[in-house]
Every structure is written in C-alpha cells, then in structure tokens.
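Single-letter residue listing:
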Amino acid sequence: NPGVPADLVIDHSVQVDHFGSTEAFRYNVDKEMERNRERYTMLRWGQKAFEDLCVVPPGTGIVHQVNLEYLGKVVQSSRINGELVAFPDTLVGTDSHTPMINGLGILGWGVGGIEAEAVLLGQPYHMLIPDVVGMKVVGSLPEGSTATDLVLKITEMLREKGVVGKFVEFFGPGLVSLTLPDRATISNMSPEYGATMTFFPVDVETLRYLTATGRPPELVELVKSYTAAQNLFHSGNTAEPEYSAVYEVNLDDIKPSLAGPRKPHERIDLGDMKRSFLDLLPDILTAGVESDVDDYQDTGCWADEGGSSTMTPESCASPAEPRGVYRCVDFDLDVDRVTISDGSVVIAAITSCTNTSNPSVMIGAGLLARNAVERGLHPKPWVKTSMAPGSRVVTDYLDRAGLMPSLEALGFHVVGYGCTTCIGNSGPLAEPITKAIEDNQLITAAVLSGNRNYEARINPHVRANYLASPVLVVAYALAGSVNIDLVNEPVSHDPNGDPVYLKDIWPSRKEIDEAISSSLDPEMFRSDYARVFEGDESWKTLSVPEGGLYAWDPDSTYIQEPPFFRDMQDEPPPLTNMAGAKILGVFGDTLTTDHISPAGAIPEDSPAGRYLTGLGIDKADFNSFGSRRGNHEVLLRGTFGNIRIRNLMVDREGGWTLHVPDGELMTIYEAAMKYRDQNVPLVVIGGREYGAGSSRDWAAKGTLLLGVRAVIAESYERIHRGNLVGMGVLPLQFEPGAGAGSLGLTGRETLDIEGIEGIRPEGTVTVTVYGDGGKKTAFTAVARLDSEIDLEYYRHGGILQYVLRLMLAD
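Residues numbered from 1 in each chain as written. Predicted model: local features only at pLDDT ≥ 70, side-chain atom pairs only at ≥ 80, totals over all residues. Heavy atoms only, no water.

(A) Here's a closer look at the overall build of the protein chain. Each helix and strand in the protein chain was counted, giving 29 helices and 29 strands. In terms of overall size, the protein chain behaves like a compact globule, its C-alpha atoms giving a radius of gyration of 26 Å where 810 residues would be expected to give roughly 28 Å. Principal-axis analysis of the C-alpha atoms places the extent of the protein chain at approximately 80 × 80 × 55 Å. Within the protein chain, the fraction of its 810 residues that count as buried is 59%. In the protein chain, the share of contacts with a sequence separation of at least 24, taken over all contacts with a separation of at least 6, comes to 74%. (Helix = DSSP H or I, 4+ residues; strand = E, 2+ residues; numbered from the N terminus. Rg over C-alpha atoms; globule rule 2.2 N^0.38 Å. Buried < 20%, exposed > 50% of the residue type's maximum accessible area, 1.4 Å probe, protein only. Contact = heavy atoms within 4.5 Å.)

(B) Local environment of helix 16 (residues 470-479). The element helix 16 is largely enclosed, with a buried count of 10 among its 10 residues. Of all the residues in helix 16, the buried ones are P470, V471, L472, V473, V474, A475, Y476, A477, L478 and A479. Among the residues trailing helix 16, G480 stands out with phi positive, at a value near 80°.

(C) Highlighting the sheet that holds strand 24 (residues 682-685). With respect to topology, 7 strands assemble into a closed barrel ordered 21-24-25-26-29-28-27, the strand pairing being mixed. Within the sheet, the average angular offset between the axes of one strand and its neighbour, ignoring direction, is 40°. When strand 27 (residues 750-754) meets strand 28 (residues 764-770), the two strands line up antiparallel, connected through 5 bridges. Paired with T750 across the strands is Y770, a residue of strand 28. Sheet strands in contact with helix 24 (residues 668-677) are strand 21 (578-586) and strand 24, and its direction is about 170° off that of strand 21. (Pairing = 2+ DSSP bridges. Axes fitted to C-alpha atoms, helices over the stretch in contact; angles between N-to-C directions.)

(D) Here's a closer look at the packing of aromatic side chains. The final tally for this structure, using the stated rule, is 16 aromatic pairs. Taken together, a centroid distance of 5.0 Å and an interplanar angle of 5° make the contact between Y70 and Y529 stacked. Residue Y70 is found in helix 3 (residues 63-71), and its partner Y529 is found in helix 19 (residues 522-529); the two are separated by 459 residues along the sequence. When its relative accessible area of 6% is taken as the criterion, Y529 is described as buried. A centroid spacing of 5.3 Å and a plane angle of 70° characterise the contact between Y793 and Y802, whose relative ring orientation is edge-to-face. Each member of the pair, Y793 together with Y802, is buried. Grouping aromatic residues by their ring pairs yields a cluster made of W45, F50, Y550 and W552. Cation over ring: R652 sits above W656, and NZ or CZ is 4.1 Å from the ring centre. (Phe/Tyr/Trp six-rings, centres within 6.5 Å; stacked < 30°, edge-to-face > 60°. Lys NZ or Arg CZ within 6 Å of the ring centre and 35° of its normal.)

(E) Molecular detail of unusual backbone geometry. Here the amide bond leading from G260 into P261 is cis, since omega sits at 15°, within 30 degrees of zero. Positionally, P261 belongs in the loop between strand 11 (257-259) and strand 12 (267-269). Along the chain, V660 connects to P661 via a cis peptide bond; the corresponding omega equals 15°. Although it is not a glycine, D334 adopts a positive phi angle of roughly 55°. Within the secondary structure layout, D334 lies in the loop between strand 13 (328-333) and strand 14 (336-341).

(F) Layout of the side chain of E192. Take E192: it is sitting in helix 7 (residues 190-193). The exposure class assigned to E192 is buried, which follows from its relative accessible area of 1%. A polar contact is formed between the side chain of E192 and the side chain of H97, at a distance of 2.8 Å. With residues up to four places along the chain from it excluded, the contact list for E192 reads H97, T155, R159, P264, N451, R452 and Y454. (Polar contact = N/O pair within 3.5 Å; in protein donor to acceptor, adjacent residues only side chain to side chain.)

(G) Region of the structure containing the nonpolar core. Counting 113 residues, the largest nonpolar core has L398, F412 and Y476 as its most contacted members. In contact with F412, other than residues within four places in its own chain, are A348, I350, T385, S386, M387, L407, V473, V474 and A477. A581, V586, L724 and A740 belong to the second-largest nonpolar core, a separate cluster that totals 79 residues. (Core = buried A, V, L, I, M, F, W, Y, C linked by side-chain atoms within 4.5 Å.)

(H) A look at a nonpolar patch on the surface. Where nonpolar side chains cluster on the molecular surface, the patch consists of V4, L120, L121 and M807 and spans about 300 Å² of accessible area. For M807, a relative accessible area of 45% puts it in the partly exposed group. (Patch = residues over 30% accessible without salt bridge, like charges linked within 9 Å, V, L, I, M, F, W, Y side chains within 5 Å. Areas by Shrake-Rupley, 256 points an atom, 1.4 Å probe, with all protein chains shown as cover. Salt bridge = Lys/Arg side-chain N within 4 Å of Asp/Glu carboxyl O.)

(I) Quick peek at the environment of I559. Structurally, the position occupied by I559 is in the loop between helix 20 (537-540) and strand 21. Among the residues examined, I559 registers a relative accessible area of 6% and is labelled buried. Excluding anything up to four places from it in sequence, I559 contacts E38, R39, M42, Y550, W552, D553, G630 and N631.

(J) Here's a closer look at the pattern of salt bridges. Evaluation of the coordinates by the stated rule reveals 45 salt bridges. In this structure, the salt-bridge partner of K435 is D439, at a minimum N-O distance of 2.6 Å. With K435 and D439 both in helix 15 (residues 431-440) and 4 residues apart, this pair spans about one turn of that helix. What makes K435 partly exposed here is its relative accessible area of 47%. With its nearest N and O atoms 3.2 Å apart, the salt bridge here joins D697 to K701. Grouping residues by exposure puts D697 and K701 together as buried. Put simply, R262, E455, R463, R644, R646 and E653 are held in one network by salt bridges that share partners.

(K) Spatial organisation of the sheet that holds strand 7 (residues 132-138). The sheet built from 4 strands is open, its strands ordered 9-8-7-10 with parallel pairing. At either margin of the open sheet sits one strand with a lone partner, and together these are strand 9 (197-199) and strand 10 (245-250). Averaged over all adjacent pairs, the angle separating strand axes in this sheet is 25°, with direction ignored. When strand 7 meets strand 10, the two strands line up parallel, connected through 6 bridges. If you follow V137 over to strand 10, its bridge partner there is V249. Set on the sheet, helix 5 (residues 147-161) makes contact with strand 7, strand 8 (167-171) and strand 10; between it and strand 10 the angle comes to about 150°.

(L) Quick look at helix 6 (residues 180-188). For helix 6, a buried count of 9 out of 9 residues is recorded, marking the element as mostly surrounded by other parts of the structure. Residues of helix 6 that are buried: L180, P181, D182, R183, A184, T185, I186, S187 and N188.

(M) Examining the pairing of strand 28 more closely. In terms of strand pairing, strand 28 meets strand 29 (residues 776-783) through 7 bridges, oriented antiparallel. For T768, the partnering residue across the bridge sits in strand 29 and is A778. In textbook terms, the turn of a hairpin is the stretch between consecutive antiparallel strands, and for strand 28 and strand 29 this stretch comprises 5 residues, one of which, G773, has a positive phi near 70°.

(N) Looking closely at the confidence of the model for the protein chain. In this model, the protein chain carries an average pLDDT of 91, and 95% of its residues clear a pLDDT of 70 or more. Within the model, the stretch residues 288-324 combines pLDDT values under 50 with 65 contacts to residues more than four positions away or in other chains. (pLDDT = per-residue confidence, 0-100.)

(O) Here's a closer look at the state of the cysteines. Taken as a whole and judged by the stated rule, the model has 0 disulfides. For the unlinked cysteine C353, the closest cysteine sulfur is that of C419, found at 6.2 Å. Left unpaired, C422 is separated from the closest cysteine sulfur, that of C419, by 6.8 Å. (Disulfide = S-S within 2.5 Å.)

In structure tokens:
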C-alpha cells in the first residue's frame, strides 16, 4: 500500500487515429479503451485494492495540467498526533515535466518510475544539495510574442549555460508581468534545458490563480497566511536571494520563434525559419537516408531512377531556392490532386500540457483561426490537424469565447484529452501521403505545441519536427510548409487570390486579454473537476478482479509478471569486477531515452514486431511500445531499437550492431541474446547528455535485461543516471576531455573494469581495453554513484531489491 498519497493520471495512451471531425474524440477514446483494456483493468483493480491511491481515468486530461488546475495545494495540512499541522506541498512525479507545478510555488520535480516506486513504499527521496541558479526577469513581452516564444528562448539560453541537475529560480522586476500559466509554461520545460526544477515563489499572482481555478477560499487564505508566516511569500519588498549564479532574460527581446528540427533548444526566429530549413536540409538528408544528396538539382525537383524529373520547378509547392534544394511529388489525395515537397507540414498539432495549460496561447490560436476563417482560408489538404487539450476546461472556455467553431472549421477538432502527438501518439498519416514520403524519401515536417521533438518521436515518417505556440501551429497548417518566411511571405491566399499575411490575421494582446476575461470563471473549474475521478461508462463498467493480490495472466500480451525479483537472495551478492566485456553499442551526444526505449509505433519488421507476430497478433493490433510497457518481453526487444538511433559501430540507421569478434551484423536485441548465451557481460558507450529526455524507466530496465552491466558516457541527464543506478547498472563517466573518439574506441574492443569490488561514491575505476592485434590500453572513469544511498542501491542490484529486502527484514 502506498506510504504517501499518490495520484495516478492516465494520459499517455490516446492516439490520433481519427481527426478533423466532431466524431474524432469519441472514436479515439473508444479505440484507446479497446487497446488498453487489460492495462486499465489492472489500474481499476489497484484503485480498489489500495488506500491513498486516486486514479484519474482516461479522457480527462494531462497529469501536469490536472495537477496545476486541481491537485496542487501549495500548502498541505494533516492531523499528526491529534494536532492540525500545515506544511509546504511537495511531490515527485513519474514524468519529467512534473516541474510544471513549480510555477505554482510547489517544490516538485520528475523522477524515474523506479525511484517513485521506492518513495511509494515509504523510502525517503535522496538527492545531493543542488546549485540554485537565479534567473532575473526584466521588461515585458512585446506585442506579438507569446509565453511559448519566451520558453523557447530560455531553453536555448539555459541549455547553453549548462544547468543540468540544478535548481533554477525566477526573480526580478519582470516577474509581475508573467501570469501563472506563463510561469507554468516555463517550469514545464525544465528538462529541456536540463534543470531539475524551475521555481517561482508564491505571490499575489499565485493567490489570484488559486481563486480563478476554483480552489476553496479557505485554502487560498491558508496559503496566504502560511507562506507569509514562513517568509515564503514574495512581494516587491522581498530581498533578492543569493544564488550560485545569476542569468538575465529581457522580455522586451523575445521574438516569435520555433525550435527544431530535432531538439527543443534549437530555437529559430520566425523570420529565419525558411532559411534555417533549407540550410539544414542536406544535413537531415544525409542522416541515414539511403539516397545521394548529389542527386539534388538547384533548379529543379528530384529526378527519378529513370532520370526524368517528376515535377517542374514551377509546380513545386515553393519555388526552387539557390540556397538549398528540395524535391516534390504530386499524387491523388481523396478527390484532390496535391503536391507535397521537402518541408511540407503533414502534422499540425495543438497538443501537450506545456501550452494547452495557458489560456493566452489557446485563445490566441482560436482568434487567429477565427480571423483566418473570415478571410476564407483553409489548411492545406495534406496537413493532419488535431487539438488535444490538457483538461476539459480548455474546451469550455474556447466554447464560451465562441472560438471552437472556427478551430473546427480549420480541422482542429478535439481528438482527445491526453498527450497524443507530443508523446508520439500522432497516429498514422493518410496512406497516399505515407507512400509519397517513403517512395520519394521526402523530408516532411510536423509543427506542434509540445515540449519534445526528438528524432522518430513524433511520427516515423516525419523527419523535421518543430515546437511552436498553438497560434503558430494554426498558421503553419494554413501555410502547409515550413519552407516559407511567414514574416514577409503570405501565409495563404483568399478565395479571390489575394495574399493574406500572418500580420493580417494575428490577434492583438488586447483581443486575447478581453477574450480570456470574458470566457473564464472559477465555476468552470469547479464543475469540471467535480467529476475528475469518475470516468465514462467504459471505465466504470470494466470487470475488475477482486482481492489484494493481482492475478497474473500468463497468456496476456500486455501485462506479465516482471522478472526483476526472480532468484533474489536474502542478502545481496558481493560486488565483482568485470572481465571480458563486449561493447553493445557506441553512441554520440544527446542519446535520448526515446532513442533507448521508443514509445511510439512498433515496427512490424523489428524484434518486438516479430515477437508479437509470433504470438498471432496482427500488425493492426500491435499498439505502441508505451501501451505495452507492462510486458517486458516487448520492451526488452525494443530497447535501443529506435528507427533513427545511430550506433557508430555500424554504417546504418536503426537498432543494429556488430557481434564481436565475428563481425556479424544483427539487431542489438539479437546480439545481446547471443552474448547472454555466451555469458559475456556488456557495456554501452555514450557521449554527452546520455539519457536526455523523458523520465522513461524502461530505458534503464531494458538496458539491464539486455545484459548491460555498465554504461560509460561523457555526461548524463539526471533522471536516467538515477534510473540506471536504480536498476543496478553502473553509470561510469569519462574523465574530462576524454571520450570514445579521443580514446579511439570503435566498439570492437574487449574491456575489463577493475575497482568495482571496493567502489565508493564518486570513486574511480580502471578500464583496460584490449584491441586488435593484442593492443592494450587503459583509462580511468568516475563512478557516478553520487552518494552512499546510490552505492547501496547498486550493491543490492537495484532500488526495488533494496526496498524489498528492508521490508522482508522487518
């Protein structure tokens, strides 16, 4: 039973299968329930079997937005020994964007599911005292700029400064100009710039937001009086704190922007978007695409194998550019003959708690849609449009503002209340579009209002993914391409053929503020959240098993009893050095948890796909890696299986490696199983920011189950390092300045690692390398066991083994 109160929000499973109609929401929710019935039955069982566990059913909202609008209290109270005690609200969450709640003045951040499980079982959360970086805010956002533009600038700035593992706290005179949703937008993106959390102090804006979202008056008064008594309430007279370092952001300088095509900190001014895409196009093309970049023509489109151009330059979606080159192709789509090219936007998604929690950008998107409809504009027919708010309140205030009809007229119907496109559940593209992309190897684009755009995360057929405000998402749906300068070129043309520029339809700040003021009220929040734990009829009528122990079904392809406790002894075995280890993969910088443990569609021709096919499951019923994460057999086969991952040991994209010493090319899963049969321990080599991205515990669980006993990287993202330790995998770090390149590691070497037997926190080990021809070298690496408790977790073979042994000892 949970040792602390726990809220579980089901928000990562709905997929955009249906879109562009009023039936989209019901279709997608029904499909979600059909695909996940086994998982949801287990969660409903847990809701009944455990105390202090509250489950928010699917189709309700995204965890961080529900937390911000309803669950977060700022100040908690409880009776202890008969006395009513108040204390600051704190939390850990099993999603990396948990810091969104920092915008409300609550201390909270994301942890791996492995660490969270230990906390649920009564263990304290251990951490090193962090550096606290001060972010001074001056100025105010100019007309035309949004909170999304601000957070993309902050992400670019702080990723460059280096704040991994640090706390960031905002202060300064510009703080008063940031609404609480603006603050939450900034805090939400903490993992994108590497910070553990981004904290905003409690002030009058906090109290205003609590009231505006329907929190009880007595809670608002408690927050006000408690924080004032504890010197936690910020006002104009509050002294400036001392920080480890101070950076400054001037809101006056913020410009409309996007980030992409592959990382959240790759910010691009809106006016530079066309130039940026064309400049990056050759780099994207050569990153794993099996075509010759020399086949591009500066004055024409792609030539087919017969040597004839499929399209003339004049018929391409955009004129040919001397700066860069791109291809285009025409085909039949429904009843239309359409042309798409490199840069065509095939997905435009208003998605993710990052922005759908902020009424200013959602109302802004609705007003731009209204203005576009009035000018007779429509999205391009090849664009898959969708809107997935983080809570039902969003559609309530858009309805009240009269903006939903305009959004729906442009195809932005509600497709679900969940993470959808941002987590990779964008759903399939229309078959003709998929075929055109694959046959011509087009570099198409997605524009989404999310927080992550890593390779192959959004959709396997979309190679350029850009983060943007919901307002710009609508604009790019109208334009149909990122190969356009929306500052100087028309976004589209009206029915008379007259050009319509973005400035012609962009809403003013005054319009947005007036619409927010007239459409939001506290009763809206109270009404929607009064039913937050109920769920629809499909949820309520699930057949739930009885009893305090879950009945494992050996025939289930979704949920299997995990193997981590098999043959566990009462006492942990002694630590031993590693001899004769082989290298499973050598990876470059910023290998994300999406690369290590993909969460999107399961490819048919992959180890996981072949496993499901062998069980008699049709491809249409594969579902996603995320939905099948209760079955370790599927996730194990998907580990290091991202279609865009690049193992430097091989000259191809995807989850491939060499089995050494025979040099046979095979999938990483197949090689790992072959090594396992030979009792060979495995090591993975990485670069900087190893494990960036989502707090995906399967990136560590799958690593362990493949037989990897150590990872050696140049640096780690915080959560993944903790997850490796929590699974008993040793994270080692190259000494400063060293790495696979400087040490000449190719992946064909054999390694011995000595010093594990007597390892201490932040101690060193010696790695002896045996290369070709008997060449022998050695280097030292730092053990990223950062504390005594890390050492204990590693010694026990993982955090859950440690906790279970404590429980058994009691």
